[in-house]
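Notes for the structure review
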Amino acid sequence: MSRKDELKDVIIKTEELIKAPNCYAGLRKKAQEWLAAIDTAKELQAAKHFIDELAADITNIDSLVAFAHSDHAVEIFGAEGVKKFIAHAEDLKKSGAKYCDCVACTPALAILENKDLLLKK
């Protein structure tokens, strides 16, 4: 089995993350660098940088709730839209979620859950 076959699911999640419109540019860059480094001598170092960036950028639930209540959220979602966003964030927290469930954080979390596979030599 090739390294790319072994990493197939993580590669798919990484591609989802890169395509997410709200993915932080620095994280997108680290994701692209890791993908480019697979099967090269730079893979392990790129994986470490990618994992560090993932851990720094994924939004925890308390930060999500705080953001939902911010003026910046009102600017993004509008007065009516932010009400739905606040309700969603608070419901997510009540359900026991630890992280945001947006289109960037969801694949980021899935990748982090497989970090041992990324670091495997």
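Residues numbered from 1 in each chain as written. Predicted model: local features only at pLDDT ≥ 70, side-chain atom pairs only at ≥ 80, totals over all residues. Heavy atoms only, no water.

This part covers the nonpolar core. Residues Leu17, Trp34, Phe50, Leu54, Leu64, Ile111 and Leu118 are the most contacted members of the largest nonpolar core, which totals 36 residues. When contributions to this core are tallied by element, the ones reaching two or more residues are α2 (8-19), α3 (25-37), α4 (43-57), α5 (61-68), α6 (71-94) and α7 (105-112). Per-element tally for this core: the top contributor is α6, with 6 residues. When neighbours within four sequence positions are excluded, leucine 54 is seen to be in contact with Leu17, Leu27, Ala108, Ile111 and Leu112. (Core = buried A, V, L, I, M, F, W, Y, C linked by side-chain atoms within 4.5 Å. Buried < 20%, exposed > 50% of the residue type's maximum accessible area, 1.4 Å probe, protein only. Helix = DSSP H or I, 4+ residues; strand = E, 2+ residues; numbered from the N terminus. Contact = heavy atoms within 4.5 Å.)

This next bit is on the side chain of glutamate 53. Note that glutamate 53 resides in helix α4. No salt bridge is formed by the buried glutamate 53, whose closest oppositely charged neighbour, lysine 30, lies at an N-O distance of 5.8 Å. Ignoring any residue separated from it by four or fewer positions in sequence, one finds glutamate 53 in contact with Tyr24, Gly26, Leu27 and Lys30. (Lys, Arg positive; Asp, Glu negative; His and termini not counted. Salt bridge = Lys/Arg side-chain N within 4 Å of Asp/Glu carboxyl O.)

Counting all residues, the mean pLDDT for the protein chain is 96, and 100% of those residues have values of 70 or more. Per-element averaging of pLDDT across the protein chain places helix α1 (residues 3-6) at the bottom with 87 and α5 at the top with 98. (pLDDT = per-residue confidence, 0-100.)

Attention shifts here to the packing of α4 against α7. One way to put it is that α4 packs onto α7 with a least axis distance of 10 Å and a crossing angle of 130°. For the element pair α4 / α7, the angle class is oblique. Crossing handedness for the pair α4 and α7: left-handed. Taking contact as the criterion, the partners of Phe50, Ile51, Leu54 and Ala55 in α4 are, on α7, Ala108, Ile111 and Leu112. Within the contact of α4 with α7, the residues separate by chemical class into 7 nonpolar, no polar and no charged. (Axes fitted to C-alpha atoms, helices over the stretch in contact; angles between N-to-C directions. Parallel < 35°, antiparallel > 145°, perpendicular 65-115°, else oblique. Left-handed = near helix turned anticlockwise from the far one by under 90°. Nonpolar A, V, L, I, M, F, W, Y, C, P; charged D, E, K, R; others polar.)

On to the packing of aromatic side chains. For the coordinates displayed, the defined rule picks out 3 aromatic pairs. Judged by centre distance (5.6 Å) and plane angle (25°), the rings of tryptophan 34 and phenylalanine 50 are stacked. With tryptophan 34 in helix α3 and phenylalanine 50 in helix α4, this pair connects stretches of sequence that are 16 residues apart. For tryptophan 34, a relative accessible area of 0% corresponds to the buried category. Ring centres of phenylalanine 67 and phenylalanine 85 lie 5.7 Å apart, and the angle between their planes is 75°; on these two criteria the pair is classed as edge-to-face. Pair noted here: phenylalanine 67 is in helix α5 and phenylalanine 85 is in helix α6, with a separation of 18 residues, a long-range link. Overall, the relative accessible area of 26% leaves phenylalanine 67 in the partly exposed class. (Phe/Tyr/Trp six-rings, centres within 6.5 Å; stacked < 30°, edge-to-face > 60°.)

Glancing now at the pattern of salt bridges. If you walk through the whole model with that rule in mind, you get 8 salt bridges. The shortest N-O distance in the salt bridge between lysine 120 and glutamate 6 comes to 2.5 Å. Taken together, the residues lysine 120 in the segment after α8 (115-119) and glutamate 6 in helix α1 connect sequence positions 114 residues apart. Taking relative accessible area as the criterion, glutamate 6 reaches 24% and is therefore assigned partly exposed. Each of Arg3, Glu6, Glu43 and Lys120 takes part in a single network of salt bridges with overlapping partners.

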